[in-house]
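Tertiary structure, described
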Amino acid sequence: MAPGQTLRIGLTGGIGSGKSTVAALLSAHCWAEIIDADHISRSLTAAGGAAIGPIAAQFGEAFIDGSGAMDRQRMRELVFRDALARRALEDLLHPLIFQAIHAAIDQARAPVVVLDLPLLVESARWRPWLDGVWVVDCPVEIQIERVQRRSQLERASVERIVQTQASRARRLRAADMVVFNGDISQSALTCQVVQAARLWGVPLRPE
């Protein structure tokens, strides 16, 4: 990496893998700035967001709620049952997310930016812009249990979400670094994250 160049790490993992937990640990223990694609997506689909007009034009006003935001529940139900609708939504949102992430990278002041990208493996758009891909991995059964616990969704609903994402094997094939977050303690996870940061030259905050 050239002097003054920002190291860009893509962080991904399936739903319930603990990706957000790992991102928080990187923020707490390292001089790294986290750029969260989900947060950017939510801002784009909130009332007044840049995606609201295109969503209304593509899917109809029924997919915009009374506050002027995207009706997330209605959209979720549509894209889970209709693969073409899911692709249309992704084609609409991804360029906007991509632009917003690049603007955030340009404004970053940390030596390392960690791009929290749920669909990193599913989209070929991201890899050329990254110096490495970190995958937060855990068994699918643990993913399902965690999501059910936090969201109270039925198991069948969670399984459908998992099936729309890249498989565990596909994510692992894409990984330059794997952080395992199965049935382990928080301290063990923290140790893994710190060790991974050291291996990648991510500067650590003083203890």
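Everything quoted here is computed from the prediction, not taken from an experiment. (Residues numbered from 1 in each chain as written. Predicted model: local features only at pLDDT ≥ 70, side-chain atom pairs only at ≥ 80, totals over all residues. Heavy atoms only, no water.)

1. Overview of the UniProt feature "binding site: ATP" (unreviewed entry) in the chain
The feature "binding site: ATP" (unreviewed entry), as annotated in UniProt, sits at Gly16, Ser17, Gly18, Lys19, Ser20 and Thr21 in this numbering. Of note, Lys19 is situated in helix 1 (residues 19-29). If we ignore the near neighbours within four places in the chain, the residues touching Lys19 are Leu11, Thr12, Gly13, Asp116, Pro118 and Val136. Exposure remark for Ser20: the relative accessible area of 51% places this residue in the exposed category. (UniProt positions renumbered as here; feature names shortened; annotations may be inferred. Helix = DSSP H or I, 4+ residues; strand = E, 2+ residues; numbered from the N terminus. Contact = heavy atoms within 4.5 Å. Buried < 20%, exposed > 50% of the residue type's maximum accessible area, 1.4 Å probe, protein only.)

2. Details of the packing of aromatic side chains
Per the stated rule, a full pass over the model turns up four aromatic pairs. Plain terms: the ring middles of Phe98 and Trp126 are 5.2 Å apart, the flat faces sit at 55° to each other, and that makes the pair tilted. A residue pair is termed long-range when its members are at least 10 positions apart, and Phe98 in helix 5 (residues 83-107) and Trp126 in the loop between strand 3 (112-116) and strand 4 (132-137) qualify at 28 residues. Assessed through its relative accessible area of 5%, Trp126 is described here as buried. Classification of Phe98 as buried rests on a relative accessible area of 13%. Three or more aromatic residues link up through ring pairs in this structure, and these residues are Phe98, Trp126 and Trp129. Over the aromatic face of Phe98 sits the side chain of Arg125, whose NZ or CZ is 4.9 Å from the ring centroid. Cation over ring: Arg205 sits above Trp31, and NZ or CZ is 4.1 Å from the ring centre. (Phe/Tyr/Trp six-rings, centres within 6.5 Å; stacked < 30°, edge-to-face > 60°. Lys NZ or Arg CZ within 6 Å of the ring centre and 35° of its normal.)

3. Concerning the pairing of strand 3
With five of its five residues buried, strand 3 lies for the most part within the structure. Because side chains alternate across strand 3, one face comprises the buried residues Val112, Val114 and Asp116, and the other comprises Val113 and Leu115, equally buried. Inspection of the sheet shows strand 2 (residues 32-36) paired to strand 3 by five bridges, in the parallel sense. Among the inter-strand pairings, Ile34 is bridged to a residue of strand 3, identified as Val114. (Pairing = 2+ DSSP bridges.)

4. Thoughts on the nonpolar core
Ranked by internal contacts, the top residues of the largest apolar core, which has 35 residues, are Ile55, Phe59, Met75 and Ile101. Among the elements of the structure, helix 2 (37-44), helix 3 (52-59), helix 4 (72-81), helix 5, strand 3 and strand 4 are those that each provide at least two residues to this core. With nine residues, helix 5 is the single largest residue contributor to this core. Viewed by domain, this core spans two of them, domain 1 (7-31 + 110-206) and domain 2 (49-109), each represented by three or more residues. When neighbours within four sequence positions are excluded, Ile101 is seen to be in contact with Ile35, Ala37, Ile40, Leu115, Leu117 and Trp126. Counting residues in hydrophobic clusters, the runner-up holds 20 residues, among them Leu25, Val112, Val193 and Ala196. (Core = buried A, V, L, I, M, F, W, Y, C linked by side-chain atoms within 4.5 Å. Domains from an automatic or database assignment.)

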